[in-house]
Amino acid sequence: MVAAAALLMGPAQAFADGSELFQLHCAGCHVNGGNILRRGKTLKLAALERQGLASEEAIASIAASGVGQMSGYGAVLGEQGTADVAAWVWQQALADWPKT
């Protein structure tokens with residue numbers, strides 16, 4: 001049943017879920033793709049490229065396992081949630097974090 005639901009979810013649904021999960025678990029430190037603790041470690045495209053993290057896969061890995069001062073959220077988000085957040089963050093980075 002879960003697999004069938006996953007097949008029915010298109011990319012737009014994943015982005016909506018990723019957005020909601022980001023707001024719940026990430027936005028406290030990464031408001032509008034920034035970083036309130038370490039200015040250079042943002043989710044902006046240039047920073048991701050500079051750090052060698054310019055892909056959904058790299059973002060998902062960091063979201064799941066953490067890096068440096070950031071704890072991993074894999075246990076909280078689960079594999080699908082991590083993928084959804086990464087997809088949403090990547091789309092925001094490509095669009096220069098548009099204000100909504």
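Before reading further, recall that the structure is shown in the block above.
Just so it is clear, the model here is predicted, and its values are computed rather than measured.

**Some remarks on the state of the cysteines**
- A full pass over the atoms with the stated rule returns zero disulfides.
- Sulfur of Cys 26: no disulfide; nearest cysteine sulfur belongs to Cys 29 and is 9.0 Å away.
- The exposure class of Cys 29 is partly exposed, given its relative accessible area of 32%.

**Structural notes on the layout of surface pockets**
- Considering only enclosed or pocket space, the largest pocket measures out at about 590 Å³ in volume.
- Taken together, 26 residues line the largest pocket, and the ones lying closest to its centre are His 30, Asn 35, Ile 62, Val 67 and Met 70.
- Secondary structure elements with two or more residues in the lining of the largest pocket: α2 (11–25), α4 (56–65), β2 (70–71) and α5 (74–94).
- No other element matches the three residues that α4 contributes to the lining of the largest pocket.
- Its residues assigned to classes, the lining of the largest pocket comprises 15 nonpolar, nine polar and two charged.

**Some thoughts on α4**
- Turning to α4, its buried residues number three or more, namely Ala 58, Ile 59, Ala 60, Ile 62 and Ala 63.
- In this structure, the buried residues of α4 make contact with α3 (45–50), β1 (66–67), β2 and α5.
- A positive phi of about 80° marks Gly 66, the residue just after α4.

**Here we look at the packing of aromatic side chains**
- Applying the stated criterion across every chain, the model contains three aromatic pairs.
- With 5.0 Å between their ring centres and 45° between their planes, Phe 22 and Trp 88 make a pair best called tilted. One end of the pair, Phe 22, is in helix α2; the other, Trp 88, is in helix α5, and 66 residues separate them in sequence.
- Residue Phe 22 is classed as buried on the basis of its relative accessible area of 2%.
- What makes Trp 88 buried here is its relative accessible area of 11%.
- On the basis of an interplanar angle of 45° and a centroid distance of 5.5 Å, the ring pair of Phe 22 and Trp 97 is categorised as tilted. Taken together, the residues Phe 22 in helix α2 and Trp 97 in the segment after α5 connect sequence positions 75 residues apart.

**Brief notes about unusual backbone geometry**
- Despite not being glycine, Asn 32 shows a phi value in the positive range, around 50°.
- With respect to the helices and strands, Asn 32 occurs in the loop between α2 and α3.
- Of the residues examined, Asn 32 reaches a relative accessible area of 39% and is grouped as partly exposed.

Conventions and cut-offs
- Residues numbered from 1 in each chain as written.
- Predicted model: local features only at pLDDT ≥ 70, side-chain atom pairs only at ≥ 80, totals over all residues.
- Heavy atoms only, no water.
- Disulfide = S-S within 2.5 Å.
- Buried < 20%, exposed > 50% of the residue type's maximum accessible area, 1.4 Å probe, protein only.
- 1 Å grid on protein atoms, 1.4 Å probe; cavity = no way out; pocket = protein on both sides within 12 Å on 5 of 7 lines; lining within 4 Å.
- Points joined across faces, edges and corners; volume = space filled by probe spheres on them.
- Helix = DSSP H or I, 4+ residues; strand = E, 2+ residues; numbered from the N terminus.
- Nonpolar A, V, L, I, M, F, W, Y, C, P; charged D, E, K, R; others polar.
- Contact = heavy atoms within 4.5 Å.
- Phe/Tyr/Trp six-rings, centres within 6.5 Å; stacked < 30°, edge-to-face > 60°.

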